[in-house]
Number of protein chains: 2
Amino acid sequence: MEHRSDLQEMPMRADARKNYEHLLAVARAVITEHGADASLRDIARKAEVGLATLYRHFPTRDALLEALLHATLAELTQKAGELESSSAPDEALVSWSREGVAFVKSFSGVVDLMAAAIADPESALHTSCVSLRSAGTRLLLRAQAEGMARADIDGTDLFALIGAVGWIGDQPSFARRAAHLFDIVASAILTNPSSNGIRER
Amino acid sequence: MEHRSDLQEMPMRADARKNYEHLLAVARAVITEHGADASLRDIARKAEVGLATLYRHFPTRDALLEALLHATLAELTQKAGELESSSAPDEALVSWSREGVAFVKSFSGVVDLMAAAIADPESALHTSCVSLRSAGTRLLLRAQAEGMARADIDGTDLFALIGAVGWIGDQPSFARRAAHLFDIVASAILTNPSSNGIRER
DNA sequence: ACCTGAACACCGTTCAAGT
DNA sequence: ACCTGAACACCGTTCAAGT
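Looking at an unreviewed UniProt entry, chain A carries the name TetR/AcrR family transcriptional regulator, with the source organism given as Lichenifustis flavocetrariae.

Written out as structure tokens, the structure is:
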């Protein structure tokens, strides 16, 4: 959080900081309910703040989502490092990917933004997404080095597949199948799926 | 096409028919360029027709897309039947699925609408989507009966997976990987992937 | 330094009034 | 039977004017 003070080392004025914090809390509630493409106007209104104030703190929608999701995305990134030293390569890869899908599912509509952000260095979400992909790539490489994951995919492929299964979880008509379909996709990535949490057939 | 005369057996007045046809042609161009969530206002404007006229012919966005895609979707549905009698069960399933992904890719944003439509009997796209799913289900069942496809998925799972890989193809950042990732997902569905167009590793 | 109201250019949807 | 302009209630984005 405090993404602005990271860049410009000026502390926020008290009223600004209060608005910022409150805006973020309201945005979290509204976006949790209506998804990542919720109305920004609505957020400002519910926060009882001028619309231009929201724009001052978060110049783009991506900037707002970055502020909202930064902590969670960083946790997920860090989680990969932990799994790397605590679990078998294949198991680590699969359970981390599963958490990625769960994250996508928990913020409706965010997967489209992230897919766009990873290719757009201008997006406020870009670096978080790149870190996430790097974290996944390391897990993938470790599994590949042990011959536990197929060798013909890279970190971006993994990112895309997690996004795709996340997309399934984001569609009300398919959501309840997401866990099952995750297992199926995971079984395609692993060399020996049955040795893990994946029931192959 | 002519979705209205299917229901009410009244032929359209000449001016109406002309508007209808022209509107559809313009809509095809605009939606091809801007995706399924293109501005309806823009379509009416470019067709040089009152906005209410567009609504008269296509009361919802789904109705417009149904009129636009009906022929293509019907062809795809029919194609399944042809493959059923001309190809091996696994090969038929895979190449039909591949065409499904290609279709999704060719109309940006349509996959979200279809995922919603298949669960919503009120949607104008509903029956086309259901037919499509049925067609896929038959190919899947045939492959399963021969032991060529895993037994733990149904037609809706197949629909979701095709949609998910289609989603990948719809993201500019992932599009060029779609073909490769399709092969990977297909390999997860088939029992013996290497015997087909699928290079397994 | 920060906030705000208002303006601008868009949407989708509906409907009374026209021919 | 069909078409239309206009109205309504929304958007996102920007900016001059306030404190």
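A word on the packing of aromatic side chains. For the structure shown, the criterion picks out eight aromatic pairs over all chains. An aromatic cluster of at least three residues, connected via ring pairs, comprises Phe159 of chain A together with Trp167 and Phe174 of chain B.

Residue and element names in this part refer to chain A. We note that the domain assignment places domain 1 (6-59) and domain 2 (62-195) within chain A. Distance between the C-alpha centres of domain 1 and domain 2: 28 Å. Opposite the twelve residues of domain 1 that make contact, domain 2 presents ten residues. The junction of domain 1 with domain 2 conceals about 910 Å² of combined surface from both sides, 78% of it contributed by carbon and sulfur atoms. Our count for the contact surface shared by domain 1 and domain 2 stands at zero salt bridges. Across the domain 1-domain 2 interface, the total number found is two residue pairs in polar contact (both at pLDDT 80 or more). Of all elements in the fold, only helix 2 (14-34) and helix 3 (40-46) reach the threshold of two or more residues within the side of domain 1 that touches domain 2. With six residues, helix 2 is the single largest residue contributor to the side of domain 1 that touches domain 2.

Counting from both sides, the interface comprises 33 residues of chain A and, opposite them, 33 residues of chain B. In total, chain A and chain B occlude about 3000 Å² of area from one another, counting both sides; carbon and sulfur atoms represent 63% of this. In this structure, aspartate 154 of chain A and arginine 177 of chain B form a salt bridge, with 2.9 Å as the shortest nitrogen-oxygen distance. Summed over the shared surface of chain A and chain B, the number is ten residue pairs in polar contact (both at pLDDT 80 or more). Those elements that place two or more of their residues in the side of chain A that touches chain B are helix 7 (110-117), helix 9 (155-170) and helix 10 (178-189) of chain A. It is helix 9 of chain A that contributes the most residues to the side of chain A that touches chain B, nine residues altogether. Residue composition of the side of chain A that touches chain B, grouped by class: 17 nonpolar, seven polar and nine charged.

Rules and cut-offs
- Residues numbered from 1 in each chain as written.
- Chains lettered and ligands numbered in written order.
- Predicted model: local features only at pLDDT ≥ 70, side-chain atom pairs only at ≥ 80, totals over all residues.
- Heavy atoms only, no water.
- Phe/Tyr/Trp six-rings, centres within 6.5 Å; stacked < 30°, edge-to-face > 60°.
- Domains from an automatic or database assignment.
- Contact = heavy atoms within 4.5 Å.
- Buried area = accessible area lost by both parts, 1.4 Å probe.
- Salt bridge = Lys/Arg side-chain N within 4 Å of Asp/Glu carboxyl O.
- Polar contact = N/O pair within 3.5 Å; in protein donor to acceptor, adjacent residues only side chain to side chain.
- Helix = DSSP H or I, 4+ residues; strand = E, 2+ residues; numbered from the N terminus.
- Nonpolar A, V, L, I, M, F, W, Y, C, P; charged D, E, K, R; others polar.

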